[in-house]
Amino acid sequence: MRIWLALIAAIFALSGPPAAAQSNPAYLRLGLAKGALYKPDAGPAPHVGVIVLHRTSNYLSHPACTELSHRGFMVLCMNSRFDNNETLVRFETIALDVKEGVAFLRAQPGITKVILFGHSGGGSTLSFYQAVAENGPSYCQGASKLTQCGNELAGLPGADGIVFADAHPGEPVQIMRGLNPSFVDEGAADAGVIAALDPFNPMNGFNPHGPSHYSAEFQARYFAAQAKRMNGLIDDALTRLSRQAKDANFSDNDVLVIRGAGNPGSGDAGRAFLFVMDPSIAALRTSLKPHKLLKNDGTVESRIIESVKVASPDQAEANRSFDRGTKIYTLRSFLSSNAMRATNSLDGIDFCSSNNSAACAVRSMSVPLLITTMGAHDFVRDDEKLYDSAKSADKDFVTIEGALHGFTPCKACETTPGQYSNTMKNEFDYVAAWIGARF
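This structure is a prediction, so every number in the text was calculated from the model and none was measured. (Residues numbered from 1 in each chain as written. Predicted model: local features only at pLDDT ≥ 70, side-chain atom pairs only at ≥ 80, totals over all residues. Heavy atoms only, no water.)

A few words now on the state of the cysteines. Inspection of the entire model under this criterion finds 4 disulfides. The connectivity of the disulfides in the chain is 1-2, 3-4, 5-6, 7-8, where the numbers refer to bonded cysteines in sequence order. (Disulfide = S-S within 2.5 Å.)

Structure follows, in structure tokens:
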């Protein structure tokens, strides 16, 4: 551990003194995408450019924009062609937006390296790009894929490295794990609820006033039922598409409405995540092996990682509402960006059935990879799996103690005020040091 701490100190020294973050970014049009270019206001001219992008979220003022430019990097924060429009996403085409960003950064004077920064669902988006860049369109084509990429993705210029910042395995995994499997009769407005699968039924372990506790038997049935519902939605979407030209309202596409699945504005509250209500479910929140924990004071220790996130019992009302609990896609956007085959939602997932899958992409890309997971969120075990399965020979995995998904401190998790006050600084200091040591 003494050797490791000395190495960390050396890496931080290599990254040099911080520059001043750009106070006035330049806003750009990059093909069908948008960009905001952040450069240090002072200090040495950057030679490393960083791309920050998500599938649909507005990332033009993401924390990484200023935090990384403050640390001496040129940062291109981007919105894809589908910003704030999950309904119309064609996931595979977002790679063309990333291509625009990579080409733009490589054309900037002094830039010799380009790094991809994937926060949350951005991890799947950017790792998909890199996997195709390294392997060609054959990576995203074939009978095993629910949707196919086109040959326009041939010849993508690859990046030099990639950072996952609390990335999840893929949005389809999140959708599946958030589905309420107790809903029946998918298309009916007055559909009933299967009481034995209802996560909000106290008889199954739900506590509306605090942490719930679901038995192992209920968990097993629940995770299997979530996968079954996802498979049913996929089959329905494929069937409806196959008959579009013959007897449907539209010849090319149609609407798909999914009850009890949450929506982008509701966060955890609109989804039926079992582990959000029951923190004792360690399968997603605890690592199997010891890993680096970056503590609030900047020191690092090796230990089994366990999320400190507290229970959220307020999902019941939101999950059953239209505004907060309902997903609205088209058939094609669902299959392209939000669907994945599985036998159960916990550990029986066919990750490569979808192209929106960091868990599949890491097996097919070889550039240096850093995975940072937030110590007060839900992706500890998922990120450990990403690390273990990654093809990259140069890979690193660290947990930021007490950090929420957005890098801020989890104040509800603290036992003393300010216990996790340095989460934002620790995340981006570590990222900057990792980049500085390699590029």
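Residues in a regular strand point their side chains to alternate faces of the sheet. Among the 7 residues in strand β5 (residues 113-119), 6 count as buried, and that is most of the element. The pairing of strand β3 (residues 48-53) with β5 spans 5 bridges and is parallel. Paired with I51 across the two strands is L116, which belongs to β5. Strand direction decides the pairing type here: β5 and strand β6 (residues 161-165), joined by 5 bridges, are parallel. Bridged to L116 within β6 is I162. Handedness of the crossover joining β5 and β6 through helix α4 (residues 122-135) is recorded here as right-handed. (Buried < 20%, exposed > 50% of the residue type's maximum accessible area, 1.4 Å probe, protein only. Helix = DSSP H or I, 4+ residues; strand = E, 2+ residues; numbered from the N terminus. Pairing = 2+ DSSP bridges. Right-handed = clockwise from strand over helix to strand, strands pointing away.)

Before going further, it helps to spend a moment on the confidence of the model for the chain. Put simply, the chain has an average pLDDT of 91, and 91% of its residues get 70 or more. A low-confidence stretch, residues 1-20 stays under pLDDT 50, and its non-local contacts, those more than four residues away or across chains, total 32 contacts. (pLDDT = per-residue confidence, 0-100. Contact = heavy atoms within 4.5 Å.)

What follows is about the nonpolar core. Within the largest apolar cluster, 68 residues are counted, with the highest numbers of intra-cluster contacts made by I51, L116, F164 and F334. Examining the composition of this core, we find that 6 residues originate from one element, helix α6 (residues 216-242), more than from any other. Not counting the four nearest positions on each side in its chain, F164 is found in contact with G118, G123, S127, A358, V362, M365, L369, L370, I371, T372 and L386. Among the nonpolar cores identified, the runner-up in size contains 32 residues, and V163, V300, F428 and Y430 belong to it. (Core = buried A, V, L, I, M, F, W, Y, C linked by side-chain atoms within 4.5 Å.)

On to the sheet that holds β3, then. Paired through their backbone hydrogen bonds, the strands of a sheet run either parallel or antiparallel. The 10 strands are arranged β1-β2-β4-β3-β5-β6-β13-β14-β8-β9 in an open sheet whose pairing can be described as mixed. Looking at which strands have only one partner, the edges of the open sheet turn out to be β1 (26-30) and β9 (300-306). Strand after strand, the sheet turns through a mean of 30 degrees between neighbouring axes, direction not considered. Sheet topology places strand β8 (residues 286-294) next to strand β14 (residues 395-400); 3 bridges connect them, and they run parallel. The residue of β14 that forms the bridge with L294 is I400. Strand contacts of helix α2 (residues 63-70): β2 (33-38), β3, β4 (74-79) and β5, with the helix running at about 170 degrees to β4, the strand carrying the most contacts. (Axes fitted to C-alpha atoms, helices over the stretch in contact; angles between N-to-C directions.)

When the charged atoms of two side chains lie near each other, side chains of opposite charge can form a pair. In this structure the tally under the stated criterion is 23 salt bridges. Two residues, D382 and R177, come together in a salt bridge whose shortest N-O distance is 2.7 Å. Here D382, found in helix α14 (residues 380-389), pairs with R177, found in helix α5 (residues 171-178); they are 205 residues apart in sequence, far enough to count as distant. Judged by its relative accessible area of 3%, D382 is buried. We classify R177 as buried; its relative accessible area is 3%. (Salt bridge = Lys/Arg side-chain N within 4 Å of Asp/Glu carboxyl O.)

The subject of this paragraph is the environment of Y38. Along the chain, Y38 turns up in strand β2. Spatially, the C-alpha atom of Y38 lies 8.3 Å from that of F73, the residues being 35 residues apart in sequence. Among the polar contacts listed, one links the side chain of Y38 to the backbone oxygen of L60, at a separation of 2.7 Å. (Polar contact = N/O pair within 3.5 Å; in protein donor to acceptor, adjacent residues only side chain to side chain.)

Moving on to the packing of aromatic side chains. This structure, assessed with the given rule, holds 12 aromatic pairs. For the pair F200 and F206, a centre-to-centre distance of 5.5 Å together with 85 degrees between the ring planes defines the contact as edge-to-face. Take F200: its relative accessible area is 7%, and that puts it in the buried class. Judged by relative accessible area, which is 9%, F206 ranks as buried. Taking the centre distance of 6.2 Å and the plane angle of 65 degrees together, the rings of W434 and F439 count as edge-to-face. A single burial state applies to W434 and to F439, both of which are buried. Among the aromatic side chains, those forming a connected cluster through ring pairs are Y214, F218, Y222 and F223. Of note, K145 hangs over the ring of Y139, and the distance from its end group to the ring centre comes to 4.9 Å. In this arrangement the basic side chain of K395 is found over the ring face of Y387, its NZ or CZ atom lying 5.0 Å from the centre. (Phe/Tyr/Trp six-rings, centres within 6.5 Å; stacked < 30°, edge-to-face > 60°. Lys NZ or Arg CZ within 6 Å of the ring centre and 35° of its normal.)

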